[in-house]
Amino acid sequence: MAVLLQGLVLMVAGMGIVYFFLTLLVFVTKVAMGGVARFNALLPDETPKTKPQVRASDDGANIALAIAVAMRG
């Protein structure tokens, strides 16, 4: 019975440590988020570059070419 009690104490202690660590992690993350937002003006994000417009190709000609190649060989 003593071994079962030791196992229970170890489980509760382990889960307590995990809960404490996760709570600390959430707190540190929120503080870091506030710090990053405060100093964002020093190094602002770059504006995304627009990609050049891609012209739509004529799929009909490609399909006709594929059919012609398939019929030939």
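Refer to the structure presented above.
Keep in mind that what you see is a predicted model, and the values were worked out from it rather than measured.

(A) Representation of the overall build of the protein. Looking only at helices and strands, the protein features two helices and zero strands. A compact globule built from 73 residues should have a C-alpha radius of gyration of about 11 Å, whereas the protein, at 31 Å, is more than 25% larger. Taken along the three principal axes of its C-alpha coordinates, the protein extends 85 × 50 × 15 Å. Burial status across the protein gives 0% buried among its 73 residues. Counting every atom, the protein has about 7600 Å² of accessible surface; 73% of that belongs to carbon and sulfur. Measuring between centres, the 6 positive side-chain charges of the protein sit 6 Å from its 4 negative side-chain charges.

(B) Representation of helix α1 (residues 2-38) in the model. Here α1 contains 37 residues, and its C-alpha end-to-end distance of 54 Å stays within 8% of the 54 Å for a straight helix at 1.5 Å per residue. With zero of its 37 residues buried, α1 lies for the most part at the surface.

(C) Structural detail: the environment of Thr47. Topologically, Thr47 is positioned in the loop between α1 and α2 (59-72). Thr47 gets classed as exposed once you look at its relative accessible area, which sits at 67%. Distance in space between the C-alpha atoms of Thr47 and Thr23 is 35 Å, their sequence separation being 24 residues.

Thresholds applied
Residues numbered from 1 in each chain as written. Predicted model: local features only at pLDDT ≥ 70, side-chain atom pairs only at ≥ 80, totals over all residues. Heavy atoms only, no water. Helix = DSSP H or I, 4+ residues; strand = E, 2+ residues; numbered from the N terminus. Rg over C-alpha atoms; globule rule 2.2 N^0.38 Å. Buried < 20%, exposed > 50% of the residue type's maximum accessible area, 1.4 Å probe, protein only. Areas by Shrake-Rupley, 256 points an atom, 1.4 Å probe, with all protein chains shown as cover. Lys, Arg positive; Asp, Glu negative; His and termini not counted. Charge placed at Lys NZ, Arg CZ, Asp CG, Glu CD. Expected span 1.5 Å × (residues − 1).

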